[in-house]
Amino acid sequence: MKPKIRVEGVYKIFGEDPQGALDALNAGKSKIEIFEETGQTVGVQDVSFEVGEGEIFVVMGLSGSGKSTLVRTFNGLIPPTSGKILIDDDDVASCSAERLRKIRREKITMVFQHFALFPHKTVAENVAYGLKIKGESAASRRKKALAALEQVGLAAYADSLPGELSGGMQQRVGLARGLATDPQILLMDEPFGALDPLIRREMQDELLHLQKILKKTIIFITHDLNEALLLGDKIAIMKDGRFVQVGTAQEIVDNPADDYVAAFVADIDRGRVFEAGHVVTDPVTVEQNEKGAAEKALQLMEEHNRNALYVLDNKKVAGLVTYQELSVAAREEGRTDLTEVMVTDVPVVDQDTPLNELYGAASAGHPIAVTDKRGRLTGVIEVEAVFSQLSGDASEDETGEEGSTPPAEEKTETAQGGTPR
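What counts and how
Residue numbers here run from 1 along each chain, matching the order of that chain's written sequence. Under the rules for a predicted model, residues below a pLDDT of 70 receive no local features and side-chain atom pairs below 80 are neither given nor counted, while totals for whole chains, interfaces and linings still include all residues. As a rule here, side-chain values cover all heavy atoms of the structure and leave hydrogens and water aside. UniProt positions are given in the numbering used here, feature names are shortened, and annotations may be inferred rather than shown by experiment. For the purposes of this section, nonpolar cores are sets of buried Ala, Val, Leu, Ile, Met, Phe, Trp, Tyr and Cys residues that join through side-chain atoms within 4.5 Å. Think of it in three bands: residues with accessible area under 20% of the maximum for their type are buried, residues over 50% are exposed, and the middle band is partly exposed, with areas taken using a 1.4 Å probe on protein chains only. Helix and strand assignments follow DSSP, with helices taken as H or I runs no shorter than four residues and strands as E runs no shorter than two, numbered in order from the N terminus. For the purposes of this description, domain bounds are those given by an automatic or database domain assignment. Contacts are assigned to residue pairs with any non-hydrogen atoms lying within 4.5 Å of each other. Polar contact is defined as a pair of N or O atoms within 3.5 Å, subject to the rule that within protein one atom must be able to donate a hydrogen and the other to accept it, and that residues adjacent in sequence are counted only when both atoms are side-chain atoms. Two strands form a pair only when DSSP identifies at least two bridges running between them. A fitted line through C-alpha atoms represents every axis, and for helices the fit uses only the stretch in contact; the resulting angles, taken between N-to-C directions, go from 0 to 180 degrees. We call two directions roughly parallel when the angle between them is under 35 degrees, roughly antiparallel when it is over 145, roughly perpendicular when it lies between 65 and 115, and oblique otherwise. Less than a right angle of anticlockwise turn of the near helix away from the far helix marks a crossing as left-handed, whereas a clockwise turn marks it as right-handed. Like charges are joined within 9 Å and nonpolar side chains (Val, Leu, Ile, Met, Phe, Trp, Tyr) within 5 Å, but only among residues with over 30% relative accessible area and no salt bridge; these make up the patches. Note on areas: these come from Shrake-Rupley sampling with a 1.4 Å probe, and a residue is covered only by the protein chains present in the view. Salt bridges are counted wherever a side-chain nitrogen of Lys or Arg sits within 4 Å of a carboxyl oxygen of Asp or Glu. Positive charges come from Lys and Arg alone, negative charges from Asp and Glu alone, with His and the N- and C-terminal ends not counted. Lysine's charge is taken at NZ, arginine's at CZ, aspartate's at CG and glutamate's at CD. Given the number of residues in a helix, its expected span is that number minus one, multiplied by 1.5 Å. Arc, as used here, means the arc of the directions from the helix axis to the C-beta atoms.

Identification of the protein as Quaternary amine transport ATP-binding protein from Stappia taiwanensis is taken from an unreviewed UniProt entry. Under the UniProt heading Sequence similarities (unreviewed entry), the note attached to the protein is "Belongs to the ABC transporter superfamily." Comment text from UniProt for the protein, heading Subcellular location (unreviewed entry), reads "Cell inner membrane".

Here it is, written out as structure tokens:
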């Protein structure tokens, strides 16, 4: 798929001699050295990336890293010193002023950290402001403003003044104002940075909910790594005007590019970053109604070193049996029916479930069933794999097809009639 936004080799130098600063950069001098020697400030240097349509691309960096400068080059608020910024087939870095105005009106809107609402205008009038600039009629503006407010849950406040709303509600108005013009691209510069933590998390969830419906292309700027990991389909870590690493949340947390990134992710809750799909393995199963199911279940658990397996009814989870319960029952004549020892109240999740939501299910000690939208078993998650991933010690052996490999002495116990693992 052709990218919606393509950035190629963008630089931004602030000062009277940007070309001299570029030459110094190419000669290997650092941002600090250039400022000390020439007074020129390197805001962005050699940034390249692509954003697919409907993707949230998060740029994360500390204050002064260049992230806000970068996002303002996308709509021409700050012209880059060199490089290309292609939105579809238009290069906003070099197009005419008339074409840039058209792109701003039809494709891009920006949501800032500070709400910048007109205090004397109603909520609906604030939301409709961009539509007014575009020359739409009063009736059309009102209709679209109410629709945007409905999307953010504030339709009932359309005729209120901004001062009558909380900070979180005012930021929702700012978001509705951006949505009212139906832009293809949302540029969001620290939009939730001024909110308290609880309201900030609510707004993050609100944005993710809206994105599932609207599927906008979003460039989101933040200094908060937790926010970046929560929101970003792709994340760029920025330092001194450069991208240090670009990847998914999982790629960045699992394989930080350098010590700078590693320091950022050191204290991250991995349970919020990784999902069930990252630790799922192929299931070992039996069909509930097949002949000799109990004997087959015991044999499979011994062969695959499993202490439990799932019983299926037409590919759907009917329950779970453990080696211990089934082996005891098998020694008692007439007690080899799976249904007599099967646990039917079992944990079931889908591939997208965050690992931190599996803590309760994992505490039971049984493998967790992973099912598709039709309720069919697609895999299982061994408890050891969950905690290995959370600790950052997951390896190929621990998350491979057969799960973790038990010690040799445990295999010996199994051969003598003990319980696998």
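Moving on from the model shown.
## A look at the nonpolar core
Judged by nonpolar contacts, the single largest core of 61 residues is most densely connected at Val127, Met188, Phe220 and Ile381. With six residues, the single largest contributor to this core is helix H8 (residues 167-180). Residue-level mapping places this core at the junction of two domains, with at least three residues from each of domain 1 (3-107 + 183-268) and domain 2 (276-418). Residues contacting isoleucine 381, with those up to four places away along its chain left out, are Ala276, Val279, Val280, Val349, Leu358, Pro367, Ile368, Val370 and Val386.

## Considering the side chain of glutamine 250
Mapped onto the elements, glutamine 250 comes out in helix H11 (residues 249-254). Here the side chain of glutamine 250 touches valine 273 through a polar contact of 2.8 Å, landing on its backbone oxygen. When near neighbours in sequence (up to four residues on either side) are disregarded, glutamine 250 contacts Val273, Phe274 and His278.

## Digging into the sheet that holds strand S14 (residues 348-349)
Sheet strands pair by backbone hydrogen bonding; their relative direction is either parallel or antiparallel. If you walk across this open sheet you meet the three strands as S14-S15-S16, and the pairing is mixed. Every other strand in the sheet has two partners, leaving S14 and strand S16 (377-381) as the edge strands with one partner each. One ladder, built from four bridges, connects strand S15 (residues 368-371) with S16; its direction is antiparallel. Following the sheet pairing, alanine 369 is matched in S16 by valine 380.

## Some points on the packing of helix H14 (residues 293-304) against helix H15 (residues 323-330)
Viewed as axis vectors pointing N to C, H14 and H15 meet at an angle of 135 degrees, and their least axial separation amounts to 10 Å. When the interaxial angle is binned, H14 and H15 end up oblique. Once H14 is placed against H15, the crossing between them reads as left-handed. Taken together, the residues of H15 that come into contact with H14 (itself represented by Ala294, Ala297, Leu298, Met301 and Glu302) are Tyr323, Leu326, Ser327 and Ala330.

## What about a positive patch on the surface?
Together, Arg101, Arg104, Arg105 and Lys134 line one region of the surface with positive charge. Looking at the element boundaries, arginine 104 is found in helix H4 (residues 97-106).

## Points about the environment of arginine 200
By secondary structure assignment, the location of arginine 200 is in helix H9 (residues 197-214). Classification of arginine 200 by relative accessible area gives buried; the value is 10%. Once the C-alpha coordinates of arginine 200 and glutamate 227 are considered, the two residues, 27 residues apart in sequence, prove to be 9.3 Å apart. In this view, arginine 200 contacts Phe192, Gly193, Leu195, Thr222, His223, Asp224 and Glu227; residues no more than four positions away in its chain are not counted.

## Structural notes on the UniProt feature "domain: ABC transporter" (unreviewed entry) in the protein
Sequence positions flagged by UniProt for "domain: ABC transporter" (unreviewed entry) are, in local numbering, residues 5-265. Within residues 5-265, the helical portion is 42% and the strand portion 24%, while the C-alpha atoms at the span's ends are 27 Å from each other.

## As for the domain arrangement of the protein
By the assigned domains, the protein splits into domain 1 (3-107 + 183-268) and domain 2 (276-418). The gap between the C-alpha centroids of domain 1 and domain 2 is 44 Å.

## Thoughts on H14
Here H14 contains 12 residues, and its C-alpha end-to-end distance of 16 Å stays within 8% of the 16 Å for a straight helix at 1.5 Å per residue. Inspection of H14 places Ala293, Ala294, Ala297, Leu298, Leu300 and Met301 among the buried residues, and these make up the whole buried set. Along the axis of H14, the buried positions cluster into a sector of 165 degrees, meaning they face one direction only. At the exit of H14 stands asparagine 305, carrying a positive phi of roughly 55 degrees.

## A few points about the pattern of salt bridges
Here the structure, examined in full by the defined rule, presents 20 salt bridges. Here lysine 144 ties to glutamate 136 by a salt bridge, and the two come within 3.0 Å at their closest N and O atoms. Looking at lysine 144, the relative accessible area reads 36%, which means it is partly exposed. With a relative accessible area of 18%, glutamate 136 lands in the buried category. Across the pair aspartate 372 and arginine 376 runs a salt bridge whose closest N-O atoms are separated by 2.9 Å. Taken together, the shared-partner salt bridges connect Lys4, Asp88 and Lys107 into one network.

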